[in-house]
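# Reading the structure
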Amino acid sequence: MAQHSTHPGGASRVRRRALLGTVVLVVLVTLAGLAAYLTRDGRGPAETPAPPPSSPTASSSPASPSGPLTRPRALPVPPKTHDPIAFGKAAAAALWSYDTRAYSQPELRKALRGWLTTEAKYADPTSVDKVVPSAVLWKEMAANGQFATAKVYEGHFPNAFTRALQEDPGAITQAYVYAVTVSGKQAIAWKGSPTGGAESRATTLAVQCRPDRPCALVGVMPSVAP
């Protein structure tokens, strides 16, 4: 409904969302092109074809379902890594996966928020919440035992981000926030259709990796950066 404009926390959420869209610009100064691309209004993450694995060791979450329904999966736990691309790939797999048979919608939302940085001025929990199915939809999916698994094919720094780092390597040392674009595939299955279907997925994430602590998620960018 139209309650966002009058809700006491509405302005705060808008500011937080705006911060996510511009955080790379603030940190890197020279990233105006990418920031503009990522913060365009009215656009969701683009669905782009996933490239084939670049090597047999391509990072992936549990494989897509085949045969009978797989066992319920545990809630996602962030990895302890200082590599922004490795973290981004793990975060994307977590965001593309769910299991209505194993936990509730609030439990998944809480678990995914646990991936966020503890630095409140950078963290954007709203962008993460938007990836989780709504409570109403979750209830319908749970009635069918629906679940999704994800396979990650590739992760990289967007082109504009890489150029900005090359032009001013020291600029990132204020917040240590990296843009990471990840591509892969999401497979969905449910009772009566154990093999389900699959579709390509892609997303650009903001990831914070300070030298003295493991990486953490800043948020999900509104559009995919190449």
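Residues numbered from 1 in each chain as written. Predicted model: local features only at pLDDT ≥ 70, side-chain atom pairs only at ≥ 80, totals over all residues. Heavy atoms only, no water.

### Quick notes on unusual backbone geometry
Positive phi is not limited to glycine here, since Tyr-176 has a value of about 55°. Structurally, Tyr-176 can be placed in the loop between helix H7 (159-167) and strand S3 (177-190). Here Tyr-176 falls in the buried class, since its relative accessible area comes to 18%. (Helix = DSSP H or I, 4+ residues; strand = E, 2+ residues; numbered from the N terminus. Buried < 20%, exposed > 50% of the residue type's maximum accessible area, 1.4 Å probe, protein only.)

### Digging into the pairing of S3
Buried residues dominate S3, accounting for 11 of its 14 residues. Alignment of strand S2 (residues 147-156) against S3, held across 9 bridges, turns out to be antiparallel. Within S3, the residue paired with Val-152 across the bridge is Gly-184. (Pairing = 2+ DSSP bridges.)

### Some words on the packing of aromatic side chains
Counted under the stated rule, the structure contains 6 aromatic pairs. Where Phe-157 meets Phe-161, the ring centres are 5.4 Å apart and the plane angle is 40°; that geometry is what we call tilted. In this structure Phe-161 comes out as buried when scored by relative accessible area, which is 0%. Aromatic rings pair up to connect Tyr-98, Tyr-103 and Trp-138 into one cluster. Between Arg-101 and the ring centre of Phe-147, over which it is positioned, the NZ or CZ distance is 4.0 Å. (Phe/Tyr/Trp six-rings, centres within 6.5 Å; stacked < 30°, edge-to-face > 60°. Lys NZ or Arg CZ within 6 Å of the ring centre and 35° of its normal.)

### Focus on the confidence of the model for the protein chain
Residues at a pLDDT of 70 or more form 69% of the protein chain, whose mean pLDDT is 77. A low-confidence stretch, residues 1-8 stays under pLDDT 50, and its non-local contacts, those more than four residues away or across chains, total 3 contacts. Ignoring residues within four places in sequence, the model shows residues 16-67, a span with pLDDT below 50, making 118 contacts including any to other chains. (pLDDT = per-residue confidence, 0-100. Contact = heavy atoms within 4.5 Å.)

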